[in-house]
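Here is what each chain is made of, one letter per residue.
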Amino acid sequence: NSTKPCCTLVHSPLNTIQYNYVTEAAIVDERYTPQDIEPKWQAYWSEQCLHQSTADHSKKKFYCLEMFPYPSGKIHMGHVRNYAIGDVIARYKRMKGFSVLHPMGWDSFGLPAENAAIKHGVHPAAWTYENIEFMKKQLSGMGLSYDWDREVATCSPEYYKWNQWLFLKLLEMGLAYKKTSFVNWCPSCATVLANEQVIDEKCWRCDSSVVQKELEQWFFRITRYAEELLQGCDSLTGWPERVVAMQKNWIGRSEGVEVEFPLEGTEVSIRIYTTRPDTIFGVTFICLAPGHPLTESLTEDKKGLEAITAKYGKMEEKEGLFTGRYAVNPLTGERVPIYVANFVLMEYGTGAIMSVPAHDQRDFEFAQNYGLPVKVVIVEEQKSEVRSQKSELTEAFEDEGVLVNSEQFSGVRSGEAKAQIAAYIEEKGLGTRTVNYRIRDWGISRQRYWGTPIPVIYCESCGIVPVPEKDLPVILPEDVTFSGKGGSPLKESESFIHVSCPSCGGAARRETDTMDTFVDSSWYFAAYCLKKGQKSEGGIDLLSAVNNPQAEINHWMPVDQYIGGIEHAVLHLLYSRFFTKVMRDIGLLKTDEPFANLLTQGMVCKETWKCPEHDWLFPEEVEDGRCSKCGAEVVKGRVEKMSKSKKNVIDPDSLIRRYGADTMRLFSLFAAPPERDLEWSDKGVEGAFRFLNKVWTLAYRNRSRKTEDRAQNPDASGLTPQAAQLLRKTHQTIRKVTEDVEKDYHFNTAIAGLMELVNETSSFNPETEEDASVMAIAIRSTILMLAPFSPHITEELWSAMGEKESIFRQSWPEWDEALAKDEEVELVVQVNGKLRAKILVPAGLSEEDAKKAALGDERIREITADKEIKKVVVVKGKLVNIVVGA
RNA sequence: GCGAGAAUGGCGGAACUGGCAGACGCACCAGACUUAGGAUCUGGCGGGGCAACCUGUGGGGGUUCAAAUCCCCCUUCUCGCACCA
């Protein structure tokens, strides 16, 4: 069989063999086999410690970070995309001569581990570490250039010790405190949720309806940094605008006035907050939050109050209850009824509001429901007359205008009136100007096992006692059972609860709540900088960095490029900014902001299929547009984010097995720019694979071509026109790819540029030695530029070309502007803005000559023959537009 | 309602500060090679027209020699926030 003639040989002028048709037997060692190549180079990189990062002060540093994953069990396409983007950047920056830090770790505390424990009886730690091990293998299979020496897992005592240490620091600084409050409670997860974790009044994780529950909880005083977090937004120039907008929104600063409304018949007064002091003459009632300190004593109808309190936080229906008491408007002396209303929030402002139904839609509707008066105090500027009263109003007039019925302020425009009235109120001692923020303190207590134990001890005689630093970490106990029924398993651990008081030595008990896992991820980027080798060699050490400007953390921070999903636009990113400022104030680091540049990558989506009977279908369940189970006609669903429930997921492992990691990476980078959603296409993946095969064939067959001849001949003289063109194209491509990567990480167009170059190189047949060396340059440049995208194939080809050193130790190719310049350009000739001819002219032609050339063109002369030429516009090197009359 | 973004062939997407619309890829069509092709290669590919040419970037106006790009108005979609006083 082996002697069977199997290929057609075509001899080129240079006697290089080109295989037009080859059987499998003949090309076995020439064929691109990612399955062999990829593990080989992964092992090599690891042996060579190629990605280890040390603070090298002779080079510019670059900290490239992707959001670390929760070890759920398997990586998905979202991870693949995220890490592919990060890896290209890291590898590119290294080739560009930067000293790069590119770490990876595990956000490994959290609910799923505990749920697995309840369901399968496996300990959360065992479950988690098993997942980590598996996922780490998967990541290695992708050929990602991480410095695994700095790996962290937030569930390791080594890590959470510092969570606890930071907690103690916050406690010292008065930034951690305990209070009783209404909290968001997820009945299904049986735990408290932060405000940021409640989405549409549902749990962000399990989607169950969140209820309000009164509990004593630990809080972080993020509000103390509200102003700085807001101001800092302006320095986030490397962040997407919308993320910054979302952060600003969340912090929600508003300027207003707090005004005292005396309570009729008493010495007490009610303090309200308003941003519209200009409407204060229009107040016709005031509302208290159900939880307001005065509510209880003012309200006679206790049952009614209970009913209103029960509806607190339920925003669908606005309900109120008249307390039976009145307050006095301090500016008008008018008496206004006091209501308790379920929509007034205790947490915002003062928990009491003044209601101006004429100028606030919600107040307006409330007034209609409860038959309260409406008093107009602002009218549109043009109609400065007071229009007759409430009967005409069908809705509140919320815009700015001119004040009426407002005593000495009547006739003043509302913008101006705000300032005047606020000043008047302060002057008369009726209230004060204040700033309010929407953001509230961050509740971090969770009634869970698989999280960082909060390091405090409760003592009968000493009260709340922090665990001394020397006793850290407070380790999660092993003797726990996971019943899934009510409360934290830590409550059941006798060995954990009982402890002697560090202060008086008496019997005491430990805090059994653990920290929100968002605490873990709020400083992990700093942990990587301070991690030295594996555990045995010291691990993370924050202490050494306190007030130490030489600490490595100050070399690497801030993160130069952070990459992750948009879903963290508020939660994680805001907490991390907060922690960074706290760490700065502790003396741990010198930066104000953790992430200089942020790239929020789009989702990975795929088409879906839906059967009227069987709901979502896997693609293989669709046969000729019909459901394979019932034969019903299948509807093509929308392109949606990959999810198990929609049955449109692609498993990265199966892709790697079939096409290799290089193809998977390449496609995920080519199909769309990183910040946009990506539609996964099986055919598109094949296209990427085809391209790599093309590169392989081209580079492998020409692997022994040398570039030397070009060295003596720096310009293009002596080359055949085809070779000169290829050389030009090579330099143009280097320029294009570099600029695309540098500018916005637009890898899709960078890859397109490489494809063009490969196409052009493939169809090039060198006729001279010099031409051949141009081809070698083109190929080597291609391989070098492709390396960050598809690292294995390029490393293999690089070595096949006889290179001894890793391609990732090479410099990124540079272009020569002179060589990138076209000798001839195609000049577009328009007549009245319409394309009429294209002429080839030498580059750098003067405007006058371009004009002459355009007007001299046969076709143009024909068109313009009997017309009056009014004007000729010349865009140098590009276009001539001839404007003619009719 | 407020904020951010988007709309370009059959599809994903290109087009730098206004200057050839549709790069690159997918799909499709034709051809070559082949026992075969879901491999490879070559060519074609917005729409209309034999052609010259006309027309075309969600819709309508405008500015300009020239508009996907700038200005005004409108439509649709995506995302985030939303009784915050």
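As shown above, the structure is provided for reference.
Residues numbered from 1 in each chain as written. Chains lettered and ligands numbered in written order. Predicted model: local features only at pLDDT ≥ 70, side-chain atom pairs only at ≥ 80, totals over all residues. Heavy atoms only, no water.

Asker: Describe the pattern of salt bridges, with residues and values.
Answerer: The tally for this structure, following the rule as stated, stands at 43 salt bridges. Between Asp-560 and Lys-61 there is a salt bridge; the shortest N-O distance is 2.8 Å. Of this pair, Asp-560 sits in the loop between helix 15 (552–556) and strand 28 (561–565) while Lys-61 sits in strand 3 (residues 61–66), and the two are 499 residues apart along the sequence. Salt-bridge contacts for Lys-646 lead to Glu-640; the nearest nitrogen and oxygen are separated by 3.3 Å. If you follow the salt bridges from partner to partner, you end up with Glu-228, Arg-577, Lys-581, Arg-584, Asp-585, Asp-592 and Glu-593 in one network. (Salt bridge = Lys/Arg side-chain N within 4 Å of Asp/Glu carboxyl O. Helix = DSSP H or I, 4+ residues; strand = E, 2+ residues; numbered from the N terminus.)

Asker: I'd like to hear about the sheet that holds strand 40 (residues 869–875), residue by residue, with values.
Answerer: With mixed pairing, four strands are arranged side by side in an open sheet as 39-38-41-40. What marks the edges here is a single partner per strand, and that holds for strand 39 (834–842) and strand 40. Geometrically, the sheet is characterised by an average inter-axis angle of 20° between neighbouring strands, direction not taken into account. Taken strand by strand, helix 26 (residues 847–856) contacts strand 38 (824–831), strand 39, strand 40 and strand 41 (879–884), and its axis lies near 125° from that of strand 40. (Pairing = 2+ DSSP bridges. Axes fitted to C-alpha atoms, helices over the stretch in contact; angles between N-to-C directions. Contact = heavy atoms within 4.5 Å.)

Asker: How would you explain the packing of aromatic side chains if you had to name every residue and give the values?
Answerer: How two aromatic rings sit relative to each other is given by the distance of their centres and the angle of their planes. Counting across every chain of the model gives 46 aromatic pairs. When the centroid spacing of 4.8 Å and the interplanar angle of 80° are considered together, the rings of Tyr-92 and Trp-812 count as edge-to-face. Taken together, the positions of Tyr-92 in helix 2 (residues 77–95) and Trp-812 in the loop between helix 24 (791–800) and helix 25 (817–820) put the pair 720 residues apart, joining distant regions of the chain. For Tyr-92, a relative accessible area of 2% gives the class buried. Judged by its relative accessible area of 3%, Trp-812 is buried. Seen from their ring centres, Phe-578 and Phe-579 are 5.8 Å apart, and the 80° between their planes marks the pair as edge-to-face. Assessed through its relative accessible area of 2%, Phe-579 is described here as buried. Its guanidinium or amino end placed over the ring of Tyr-326, Arg-335 lies 3.9 Å from that ring's centre, counting from NZ or CZ. Positioned above the aromatic ring of Tyr-700 is the side chain of Arg-703, whose terminal nitrogen or guanidinium carbon lies 4.2 Å from the ring centre. (Phe/Tyr/Trp six-rings, centres within 6.5 Å; stacked < 30°, edge-to-face > 60°. Buried < 20%, exposed > 50% of the residue type's maximum accessible area, 1.4 Å probe, protein only. Lys NZ or Arg CZ within 6 Å of the ring centre and 35° of its normal.)

Asker: Give a detailed account of the nonpolar core, specifying residues and quantitative values.
Answerer: Judged by nonpolar contacts, the single largest core of 186 residues is most densely connected at Trp-442, Trp-680 and Phe-789. Sorting elements by how many residues they give to this core places helix 2 first, with ten residues. Excluding anything up to four places from it in sequence, Phe-789 contacts Val-88, Arg-665, Leu-666, Leu-669, Val-741, Phe-747, Ala-750, Ile-751 and Leu-754. Counting residues in hydrophobic clusters, the runner-up holds 31 residues, among them Leu-263, Leu-331, Val-412 and Ala-417. (Core = buried A, V, L, I, M, F, W, Y, C linked by side-chain atoms within 4.5 Å.)

Asker: Describe the environment of Gln-217, listing the residues and the values that go with them.
Answerer: Relative to the helices and strands, Gln-217 resides in strand 9 (residues 211–220). According to the relative accessible area criterion, Gln-217 is buried, its value standing at 1%. Sequence separation between Gln-217 and Ile-444 is 227 residues; the distance between their C-alpha atoms is 7.4 Å.

Asker: Give me the pairing of strand 38: which residues, what numbers.
Answerer: Bridging between strand 38 and strand 39 involves eight bridges; their strand directions are antiparallel. Within strand 39, the position partnered with Val-825 by the bridge is Val-841. Adjacent in sequence and paired antiparallel, strand 38 and strand 39 are bridged by two residues, among which Asn-832 carries a positive phi angle near 50°.

Asker: How would you summarise the side chain of Gln-561 if you had to cite specific residues and measurements?
Answerer: You can see Gln-561 is positioned in strand 28. At 3.2 Å, the side chain of Gln-561 forms a polar contact with the side chain of Tyr-745. Beyond its immediate sequence surroundings of up to four residues, Gln-561 is in contact with Phe-62, Tyr-63, Cys-64, Leu-65, Ile-89, Asn-597, Leu-598, Leu-599 and Tyr-745. (Polar contact = N/O pair within 3.5 Å; in protein donor to acceptor, adjacent residues only side chain to side chain.)

Asker: Residue-level account of the sheet that holds strand 10 (residues 253–262), with values.
Answerer: Read across the open sheet, the three strands follow the order 11-10-18; overall the sheet is antiparallel. With one partner strand each, in any of the chains shown, strand 11 (269–274) and strand 18 (431–437) form the two edges of the open sheet. In this sheet, neighbouring strand axes are inclined to one another by 30° on average, regardless of whether the strands run parallel or antiparallel. As paired elements, strand 10 and strand 11 share six bridges and run antiparallel to each other.

Asker: Explain helix 1 (residues 34–47) residue by residue, including any values.
Answerer: The end-to-end C-alpha separation of helix 1 is 20 Å, in line with the 20 Å expected for 14 residues at 1.5 Å each. Turning to helix 1, its buried residues number three or more, namely Pro-34, Ile-37, Glu-38, Trp-41, Gln-42 and Trp-45. In an axial view of helix 1, the angular spread of the buried residues amounts to 125°, which keeps them on one side of the axis. Exposed residues lying more than 90 degrees from the buried face of helix 1 are Asp-36, Ser-46 and Glu-47. Each element contacted by the buried residues of helix 1 is listed here: helix 2, helix 4 (124–141), helix 17 (652–659), helix 18 (661–670), helix 19 (682–701) and helix 24. Positioned one or two residues after helix 1, Cys-49 has a phi angle of 50°, which is positive. (Expected span 1.5 Å × (residues − 1). Arc of directions from axis to C-beta.)

Asker: Tell me about the pairing of strand 41, and name the residues and values.
Answerer: Relative to strand 41, strand 38 runs parallel, the two being bridged by four bridges. Note that in strand 41 the partner of Val-831 across the bridge is Ile-882. Direction of pairing for strand 40 relative to strand 41: antiparallel, over a ladder of six bridges. From the neighbouring strand, Val-874 faces strand 41, where its bridge partner is Val-880. Linkage of strand 40 to strand 41, two consecutive antiparallel strands, is achieved through a turn of three residues, within which Gly-877 is found at a positive phi near 75°.

Asker: So what's going on with unusual backbone geometry? Which residues, and what values?
Answerer: Between Leu-472 and Pro-473 the backbone carries a cis peptide bond, its omega angle lying at -5°. For Pro-473, the position within the fold is in the loop between strand 22 (463–466) and helix 12 (494–497). A cis geometry characterises the amide bond from Met-557 onward to Pro-558, with omega recorded as 0°. Here Pro-558 is to be found in the loop between helix 15 and strand 28. Phi angles above zero are rare outside glycine, and Cys-49 is one such case at about 50°. Secondary-structure assignment places Cys-49 in the loop between helix 1 and strand 3. Assessed through its relative accessible area of 40%, Cys-49 is described here as partly exposed. Even without a glycine there, the phi angle at Tyr-745 is positive, about 55°. A residue is classified by how much of its surface remains accessible, and Tyr-745, at 13% relative accessible area, is buried.

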